[in-house]
Amino acid sequence: MSSVKSNAATINADISIDQLKERANYMRGLNLISLCCAGSGHSGGTLSMMDILAPLYLKFAKHDPKNPTWDDRDRIIWSAGHKAPALYVSLAVSGYFPEEELAKLRALGSPYQGHPHRRDLPGVEISSGSLGQGFSVGVGVALAARLNKKDYKTIVISSDGEQQEGSIWEAAMAGANFNLSNLILILDRNRLQIDGKTEDIMRLEPLADKYRAFGWKVIEIDGHKMEEIVPALEQAYNNTSDMPVCILANTIKGKGVSFMEDVVGWHGKSPKKDELEKALIELGLTETFDSEKFFKIADDYQTQVEKRLAANMPKFQQEYWWNTTEDMKVNMDPTRKGLGRALDEYGDDERIVCIGADISGSITISQFYENHPERLNRWFSVGVAEQGGTTVAAGFAKEGKIPVFGTYGVFSSARNLDQLRVTVCYGNYNVLIVGAHGGVSVGPDGATHQELESLFQICGLPNMHVAAPCDSVEVKKMVHELLFKIDGPKYIRFAREATPVITDENTPFKFGVANVHRFRGEQDNFMDAFEICLATDYKNENEDVALISCGPETAEACRAAWILKNDYGIETRVVNLHTLKPLDRESIIKAALETGAVLTCEEHQVGGFGNWIASTILSRPEVADKKVLFDMLGVNDRFGESGKSWQLIKEFGLSAEHIAARARKLLDNK
C-alpha cells in the first residue's frame, strides 16, 4: 500500500531504495502492457517518469485509495495529461483498482481515457490534456490549502515540452509571488518532444536558472537514480523556506527499453505485441506478467463495446457500412494528407512560410519542407506555443508573407481565440490557420483533443473565411484557393483518421459555392454512384429531402442518401457546404424551397453548423409562406471521450444510419 490512510498512520514510509527500484521496474512493465492493449498512447514520456512516480505514490504522498476524496490528502496534479497511462499505473499499484483494469486503456466507455478526466476515476485530481493549464490549477490548489489552513502538499507533474507554453511561466511567477512553500513542481526533463529535441525546436536552457530567477528553489537530480530521487522528495516535503520547490529531473525518454530510449518516435507510440515481448525481456519481467490475460480482457471489453454500438445502430434491409458490400466500394484517405500534398506542391512560392507547433508530422504541415530542403529557411517551429504561433503568423502577414500556422483544431481555434480575434481578424491579416484533427477523429486521445466546438468560435469572427472540405482531394483544392485566391484571415478544418474519398480531381470546385451530390444508383465504386455538380448549376429534381453537411460528414450524408433510396425510395439532395464562411445562402434556400425538408449533418456540437443553415432559411421572406421541415444532427452538448474513431461516429449518432433514420422521421411530418 502506498501512503497515509485517512484514519491511520503512515504505511510503507520505510520502503527501501531497492524495493522502490523494483516497483518502478514493475510499473514500467505494467505501463507497456496497458499501452499495447490500447494500441495507442504515449510510451516514451511515461517510461521516463516511473522512477519518480514509484517513491511519490508509494512512499511520500498522503493519499488513501479507500477514501480518494480525503480532505487532507496531498493533491497530485497531472499538468502533462498525455502521461495519463503512468498516472493510471501509479493509481493501480497504489490500490485504487485492480491492475488488470489497465487493459481497458483508451477504450470507449472506460474510465482510463487517453487524457485523464477527474469525473471518471477516483484518484485523478484534474481533467487535463491541453498543456500548460495544470500548473496554474496547482497554484490555485496550494493557495486554497493556505486559506483552509491545511498542510497538504500540492505536487504538479509537468513535461519539458510543456515549458514552451506561456501559461507555464505565468504559473511559475504566481507560485513564487505568493510564496507557496507547499507547492512542488516535478519537471520531467527528457529533452524530447513530438517534433524532435526540445533544444532544436525551442530552446529551454538554462531551465534551472530560469526557475531560480522566477523565485523557485530548484533541486536538480538524475531522474533515474533512486538514491537522488528519494532525498530530493524528502527535501521538497520538508521545505522550510517561503519558496515553492522545482524538482528538475533529468531523465531519458523511453527509459528501460533499449529500442525506445531517447528515440523521439516513441513519444506518442505504443508497442506492438512483439515489441512488448522484447521490452519485457529487457526489463526482466517475462515471468511476472500474464500478458495474454490482459489481452483477453481488452478483447472481451472491445467485443462488449461493439455489441452495444451495434444494438444501438438503426437497422435497415441490409448492411450499408463502408466497404461491407460487394459493390459501392470506397477508398479511405486521411483528409489531413490533402494539406501535406498541397504544401508540398505549392510551397515554392517564396511568400509562403509555415509555422509548426510540435505536431507537424501528424497534421502533415511538415511536408512543406520534407522533400524540399531549400525551403527550410521558411519553416519555423514555435514548439508547444499556439498563442505565440498565431501572432507570429500575423507578423509575417504584416510584411507581405503568406503564413500557414497549424496544430490540432482544439488548440488552433480555442486556445488562441483572443489572438485570432484581436490580432489576426481585427487586423485583417492574410493568415491561414489550420485546424487539424477536427471532430472525433483523434479517437483514443479523448475529449481534450477532440475538436467539437470550433465552428461556434471561428465562424463568429469578423473577416474570417472558414472552410471544411469533405475529403483529402477537396482539402488540397481548398488549400490552393486559400493560399492564392483569398486575401485575409482564413481557417480550414479537417480530420485525422482515414475517411471516404468521394471526389476526384475532375469534381467541380469553387470556393464559396456548394456542391450537390446526387445518388444515381449503385456502382462498383461509391463515388461513381453520385453525380456531382456546382450547386449553381444544379436543376431541381423535386427531391424529398436535402441533407446539408460539411467536412467528412458529407460522405456519411451521401451514404445516407443511398440507404434512403434503396430502402424507402426516398430521393435525397446532398449539399456539400465545403465553404462555411462566406456561406452559399442561395444554394441553401433553393434546397429548402425545392425539397421542403432539410436535415443538417455535422461532426461537431449540434448547431455550430446547423444554426447558420437555420438562420439562412428563416431569414428569407419567400420561405415564410412555405412549410419547410428542419432538423439538425450532431453531437448533443457533450464532450468527446476515448474510443476508436469509427466507434465514436456510432456512439455520437453521426453515422449514415443515424442520418437516414432521422431524415425518415423528419419526413413523417411532411
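Residues numbered from 1 in each chain as written. Predicted model: local features only at pLDDT ≥ 70, side-chain atom pairs only at ≥ 80, totals over all residues. Heavy atoms only, no water.

Take the sheet that holds strand β21 (residues 597-605) next. The strand order across the open sheet formed by 6 strands is β17-β16-β19-β18-β21-β22, and the pairing between neighbours is mixed. Of all strands in the sheet, those bounded by a partner on one side alone are β17 (530-534) and β22 (629-635). Strand-to-strand twist in this sheet, taken as the mean axis angle between neighbours without regard to direction, amounts to 20°. As paired elements, β21 and β22 share 6 bridges and run parallel to each other. When the bridges of β22 are listed, Gln 605 appears paired with Val 635. (Pairing = 2+ DSSP bridges. Helix = DSSP H or I, 4+ residues; strand = E, 2+ residues; numbered from the N terminus. Axes fitted to C-alpha atoms, helices over the stretch in contact; angles between N-to-C directions.)

Another aspect to go through is empty space enclosed by the protein. The probe, sized like a water molecule, is rolled over the atoms to show the empty space still left. Within this structure, the stated rule accounts for 5 cavities of 30 Å³ or more. Lining of the largest cavity is provided by 14 residues; of these, Thr 499, Pro 552, Glu 603, Trp 646 and Ile 649 occupy positions nearest its centre. For the lining of the largest cavity, the residue count by class is 7 nonpolar, 3 polar and 4 charged. Estimates place the volume of the second largest cavity at around 90 Å³. Lining of the second largest cavity is provided by Tyr 57, His 63, Pro 68, Arg 73, Asp 74, Ile 76, Leu 91, Tyr 96, Gly 123 and Glu 125. Along the lines of polarity and charge, the residues of the lining of the second largest cavity split into 5 nonpolar, 2 polar and 3 charged. (1 Å grid on protein atoms, 1.4 Å probe; cavity = no way out; pocket = protein on both sides within 12 Å on 5 of 7 lines; lining within 4 Å. Points joined across faces, edges and corners; volume = space filled by probe spheres on them. Nonpolar A, V, L, I, M, F, W, Y, C, P; charged D, E, K, R; others polar.)

Between helix α1 (residues 17-38) and helix α9 (residues 226-237), the shortest axis-to-axis distance is 10 Å and the interhelical angle comes to 105°. The orientation of α1 relative to α9 falls into the category roughly perpendicular. For the pair formed by α1 and α9, the contact residues are Ile 17, Leu 20, Lys 21 and Ala 24 on the first element and Met 226, Glu 227 and Val 230 on the second. Across the contact of α1 with α9, the residue classes break down as 5 nonpolar, no polar and 2 charged. (Parallel < 35°, antiparallel > 145°, perpendicular 65-115°, else oblique. Contact = heavy atoms within 4.5 Å.)

A separate point is the nonpolar core. Membership of the largest hydrophobic core comes to 68 residues, with the highest contact counts inside it found for Leu 53, Leu 56, Tyr 88, Phe 97, Ile 157, Ile 186 and Ile 247. Considering each element in turn, this core owes the most residues, 10 residues, to α1. Once residues within four sequence positions are removed from consideration, Ile 157 is found in contact with Met 49, Leu 53, Leu 56, Ile 76, Ile 77, Trp 78, Ser 79, Ala 80, Glu 162 and Ile 186. Core analysis: the second largest hydrophobic core is formed by 49 residues, Ala 107, Met 313, Val 574 and Leu 648 among them. (Core = buried A, V, L, I, M, F, W, Y, C linked by side-chain atoms within 4.5 Å. Buried < 20%, exposed > 50% of the residue type's maximum accessible area, 1.4 Å probe, protein only.)

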